[in-house]
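Descriptive analysis of the structure
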Amino acid sequence: MNKVVQKETRAAGTMPRHLLLLSKSQEVTDVSRRLAAYGWHCLTAASGHEAILKLSGQQLGVAVAMLCPRADTLSSDIALIQSHFPHLLWIALTDGKLDKACQWLLSARFIDYHHSPLDWDSVNKALGHADGMAKLLPVKTAGVKITDILGTHPCIIRLKQDIQKLASTDETVLLSGETGTGKGLCAKWLHRMSARADGPFIALNCGALPNGLIQSTLFGHEKGAFTGADRQYQGHIEQAKDGVLFLDEIADLPLELQVNLLHFLDDRQITRIGGKSPLKINCRIIFATHQNLEKAVDDGTFREDLYHRINVLRLHVPSLREYCTEVRLMAEAFLAQLSPPNRSLSFSDSAIATMRHYDWPGNVRELQNRIRRAVIMAETSLITPDDLGLSVAIHAKHRDLVSQRDELDVEAVLKAISDHKHNMSAAARALNISRSTLYRLLKKEPG
Ligand SMILES: Nc1ncnc2c1ncn2[C@@H]1O[C@H](COP(=O)(O)OP(=O)(O)OP(=O)(O)O)[C@@H](O)[C@H]1O
């Protein structure tokens, strides 16, 4: 009996467990078959939008994403799914060649990852662990509960005060800041504290939808407006009537739709695709971006008139590095939220020190995800840097510093050699190093 069939037999008779399998790759069927052999039923999706449709009404705990070197193509899909299902635990399957975008994505969004050649037994074990943990974690639905904005650092106090001021107006607001800093959270607070709190809060990630879908998603369509439009659809602007529309990743909105949005901001009217008469909609818009909009204007990918229209009330959401003295406080608050009730966990001193010195490129979202991971991985009641997946990250950071320093050394040596017309002894003297050190830095044998 081959291995897969044996596993199938072993899994037979147990209830199938469900997971989301997100992949744009042809190999999805093979992976889904492999996982089925362990009793996993995979809901496959090739985009965030498809995943959201398939997940609605389901109580899934785990999602698997197949990452390839161009992982950035999945990053906005994952962001979209997370905004609707924030408590899914994510595990990545990668082909081992991690580029920068992929590494960033892994640290920001995943609790665990497995490289090919895949050891399916350990993939299954990790999935089982995550699924079990997801069942123990408190279930919260997106949009229902807003967490507090944590932090007592002056930059967070200022942020909260500014949100309060902006909540008292009905003006359009632009939130800027790195990914994972809490722009979505601030937008929800702006809504919650404003006169529109009883109205809807509708969020749309402009980068997560294919170009063909975004216009009807925003503006809606009439029945029969295009092939497949078998019923009338009220777009997000209309759904946000009397409430707030949160347009995330605004820099990703295609240029042709930027014009339509500008018109809406001016006259507050929309016409559904295929519609004849314009509709007046009263909603407040909050924009967010992690990109440099000024550069996007210079590059011609963002309209200058729209930029000026939305860049009036701008709020910068600080990166976690700007208040890294509070990492412990935040980590402990997230640990209390994310630990199952029957487990008492705390951080070891080395975990606190490591978190304090880490750069947090994925900001608070990364901190939350690392703690989710640690809750699953910790074998004792004391969380270690390893449980947070940080020993490797810190090591990589140090290796980076070493390689950067090496590059600078080589640059200085090459300049000295050129300044001294290729006289190695003179170049070494000028740098105050020996000839042998000079050759070592150049990784060459003395000539
Ligand atoms: N100061 C904070 N206190 C508590 N939770 C926070 C804080 N900042 C961010 N978070 C949490 O971090 C997670 C990521 O935040 P959010 O999605 O709002 O980030 P974002 O800046 O909108 O990210 P992106 O640019 O990728 O869309 C959310 O779960 C949010 O509740």
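First things first, this report covers the structure right here in the doc. Starting from 1, residues in each chain are numbered consecutively following that chain's sequence as written. In view of the model being predicted, local features appear only for residues whose pLDDT reaches at least 70, and side-chain atom pairs are presented and counted only at 80 or more, with totals across whole chains, interfaces and linings using the full set of residues. Side-chain measures were taken over the full set of non-hydrogen atoms in the model, leaving aside hydrogen atoms and water.

**Some details on the overall build of the protein**
The condition that has to hold: Secondary structure is summarised from DSSP: a helix means a run of H or I of at least four residues, a strand means a run of E of at least two, and numbering begins at the N terminus for each. Contacts are assigned to residue pairs that have any heavy atoms within 4.5 Å of one another. Accessible areas in this description were obtained via Shrake-Rupley with a 1.4 Å probe; residue shielding takes into account the shown protein chains only.
When you go through the protein residue by residue, the secondary structure sums to 19 helices and 14 strands. Put simply, of all contacts in the protein between residues at least 6 apart along the chain, 70% involve residues at least 24 apart. Only carbon and sulfur atoms are counted for the fraction: they give 53% of the accessible area of the protein, which is about 22600 Å².

**Brief notes about the pattern of salt bridges**
Quick note on the threshold: Salt bridges are counted wherever a side-chain nitrogen of Lys or Arg sits within 4 Å of a carboxyl oxygen of Asp or Glu. Only protein chains enter the accessibility calculation, which uses a 1.4 Å probe. A residue is then buried if its area is under 20% of the maximum for its type, exposed if over 50%, and partly exposed in between.
Within the structure shown, the criterion is met by 14 salt bridges. Residue R196 is joined to D170 by a salt bridge in which the shortest nitrogen-to-oxygen separation is 2.8 Å. Residue R196 is found in the loop between helix 8 (183–192) and strand 7 (201–205), and its partner D170 is found in the loop between helix 7 (154–167) and strand 6 (173–176); the two are separated by 26 residues along the sequence. Judged by its relative accessible area of 10%, R196 is buried.

**A short note on the packing of aromatic side chains**
Describing an aromatic ring pair means giving the distance of the ring centres and the angle of the ring planes. Definition in use: A pair of Phe, Tyr and Trp rings is counted when the ring centres sit within 6.5 Å of each other, with Trp represented by its six-membered ring. The angle between the planes then sorts it: under 30 degrees is stacked, over 60 is edge-to-face, the rest tilted. Both a distance and an angle decide whether a charge sits over a ring: NZ of Lys or CZ of Arg must be within 6 Å of the ring centre and within 35 degrees of the ring normal.
Scanning the entire structure with this criterion turns up three aromatic pairs. Measuring from ring centre to ring centre gives 6.0 Å for F201 and F246, while their planes differ by 25 degrees; the resulting arrangement is stacked. Of this pair, F201 sits in strand 7 while F246 sits in strand 8 (residues 244–248), and the two are 45 residues apart along the sequence. Residue classification places F201 among the partly exposed residues on the basis of a relative accessible area of 23%. Take F246: its relative accessible area is 4%, and that puts it in the buried class. A cation over an aromatic ring shows up here: R17 above the ring of W40, its NZ or CZ 4.0 Å from the ring centre. Sitting over the face of the ring of W189, R192 holds its NZ or CZ atom 5.8 Å from the ring centroid.

**So, the site of the ligand**
Worth spelling out the cut-off: A cutoff of 4 Å decides nearness: a residue is near a molecule or strand if any of its heavy atoms lies inside that distance of it. For this analysis, a polar contact is any N or O atom pair within 3.5 Å, provided that within protein one partner can donate a hydrogen and the other can accept it, and provided that sequence-adjacent residues contribute only side-chain to side-chain pairs. Note on residue classes: Ala, Val, Leu, Ile, Met, Phe, Trp, Tyr, Cys and Pro are nonpolar, Asp, Glu, Lys and Arg are charged, and everything else, Gly too, is polar. The domain boundaries here were taken from an automatic or database domain assignment.
Around the ligand sit 21 residues in total, of which L150, T179, K183, G184 and Q368 are the nearest. One nitrogen or oxygen atom from the main chain of G182 is found 3.1 Å from an oxygen atom belonging to the ligand. Take K183: an N or O atom from its side chain is 2.7 Å from an oxygen atom of the ligand. Within the complex, 87% of the 630 Å² of free accessible area of the ligand lies under protein. Considered class by class, the residues forming the shell around the ligand number seven nonpolar, seven polar and seven charged. Summarising the domain contributions, the shell around the ligand has at least three residues from each of domain 2 (154–316) and domain 3 (320–388).

**Focus on the sheet that holds strand 2 (residues 40–45)**
Put simply, the rule is: We treat two strands as partners when DSSP finds at least two bridges between them. Fitted lines through C-alpha atoms serve as axes, helices being fitted only where they are in contact, and the angles separating the N-to-C directions of these axes extend from 0 to 180 degrees.
Across the sheet, five strands lie side by side as 2-1-3-4-5; this open sheet has parallel pairing. Where the open sheet ends on each side, the last strands, each with one partner, are strand 2 and strand 5 (112–115). Across the sheet, the mean angle from the axis of one strand to that of its neighbour is 25 degrees, orientation sign disregarded. Examined bridge by bridge, strand 3 (residues 62–67) and strand 4 (residues 89–94) share six bridges and lie parallel to one another. Residue pairing across strands places L67 opposite T94, the latter belonging to strand 4. Docked against the sheet, helix 3 (residues 48–55) engages strand 1 (17–22) and strand 2, running at close to 135 degrees with respect to strand 2.

**Structural notes on the sheet that holds strand 7**
With parallel pairing, the five strands of this open sheet are ordered in space as 7-8-11-6-12. Each end of this open sheet is capped by a strand with a single partner; those strands are strand 7 and strand 12 (313–316). The sheet shows a mean angle of 20 degrees between the axes of neighbouring strands, taken without regard to direction. The pairing of strand 6 with strand 11 (residues 284–289) spans four bridges and is classified as parallel. Bridge assignment links V173 to a residue of strand 11, and that residue is I286.

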